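Structural description and commentary
Each chain, written out:
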Amino acid sequence: MAIVLGRNRYGKAETRLVHVARGGDSHELADLNVSVALSGDLAATHLTGDNAGVLPTDTMKNTVYAFAREHGVGAPEAFGLLLARHFVTTQPQVATATVSIESFGWERLGPHSFRRSGDLVRTAAVTVTGAGAQVVSGLKDLVLLNTTDSEFHGFPRDRYTTLPETTDRILATAVDARWRHATDDTDWDASFAGARDALVAAFVGTYSLSLQQTLYAMGERVLRERPEIAEVRLALPNKHHYLVDLAPFGLDNPQEVFIAGDRPYGLIEGTVTRDDASPAGAEWYL
């Protein structure tokens, strides 16, 4: 039996970067969490401790800050592409560089005043190899809720099933969505805003017979409205709301008073893709 080294990578995780663009009287604020992962000809450090090909992770952190100063920080996808291409082109032992970014929103209050916006976190993951680049945009923690227009019935039952069927329920979720682009040359901010708006519009406009049906409607709408996007992956936790029994207090409850459940919760996951989309890179499946 032979024992061999399998797939591996290393990098610097969660470098916090706040960048202020001070052009004129009105400032621009970027608040990022940047993670870098490199892979390639790195067997020696694992097998013999030879670090000749191991770019220090501290250097990766410093590169993030230096690039912010030298190039500025625009869309997270563009900043990620800049960093990933740098590592692949300057380090011959590196075959693949992946830069993952969380972008935290701030709402403008004045020319140089801001308030943290907590409605969602924008994400981007850029993977660069010698063959090209794959850009995956996304968002997480987008909490959506419909107070009606949601049903769930007709499901199989066995001896352990206690869930009643319903033709009117609250449907709530915290959207975790990723979408890969057909090209690495696009208007990233406009594309993100359009995809986000399409997700929300589909959730609002779909009369839901299941959260699975809503998931497909959300992905389909993104693809119909954003031709630059090839595929959408969604993870939708079902944030359950339970009707409170007020009968002990002599009160009815016509779908007005609920307990917001915490856990356990249903988790619905799925991918919606164009049938002619080019194959995804390996990083899409991580």
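Note that this is a predicted model, so its numbers are computed, not measured. (Residues numbered from 1 in each chain as written. Predicted model: local features only at pLDDT ≥ 70, side-chain atom pairs only at ≥ 80, totals over all residues. Heavy atoms only, no water.)

**So, the packing of aromatic side chains**
One pass over the structure, following the stated rule, counts 2 aromatic pairs. Residues phenylalanine 152 and phenylalanine 155 carry aromatic rings whose centres are separated by 4.9 Å and whose planes lie at 15 degrees to one another, so their mutual orientation is stacked. Look at phenylalanine 152 and you get partly exposed, because its relative accessible area is 26%. The ring of tryptophan 284 is capped by arginine 178, whose NZ or CZ atom sits 5.2 Å from the centre of that ring. (Phe/Tyr/Trp six-rings, centres within 6.5 Å; stacked < 30°, edge-to-face > 60°. Buried < 20%, exposed > 50% of the residue type's maximum accessible area, 1.4 Å probe, protein only. Lys NZ or Arg CZ within 6 Å of the ring centre and 35° of its normal.)

**Comments concerning the pairing of strand β5 (residues 132–146)**
If a strand is regular, its side chains alternate between the two faces of the sheet. Relative to β5, strand β4 (residues 113–129) runs antiparallel, the two being bridged by 9 bridges. In the strand pairing of β5, alanine 125 is matched with valine 136. The hairpin turn running from β4 into β5, its antiparallel successor, is 2 residues long. As paired elements, β5 and strand β6 (residues 171–181) share 9 bridges and run antiparallel to each other. In the sheet register, valine 136 faces β6, and the bridge partner there is arginine 180. (Pairing = 2+ DSSP bridges. Helix = DSSP H or I, 4+ residues; strand = E, 2+ residues; numbered from the N terminus.)

**Some thoughts on helix α5 (residues 211–225)**
Here α5 contains 15 residues, and its C-alpha end-to-end distance of 21 Å stays within 8% of the 21 Å for a straight helix at 1.5 Å per residue. Those residues of α5 lying buried are Leu211, Thr214, Leu215, Ala217, Met218, Gly219, Val222 and Leu223. Lining the buried residues of α5 we find β5, β6, α4 (188–205), β7 (229–238) and β10 (266–273). (Expected span 1.5 Å × (residues − 1). Contact = heavy atoms within 4.5 Å.)

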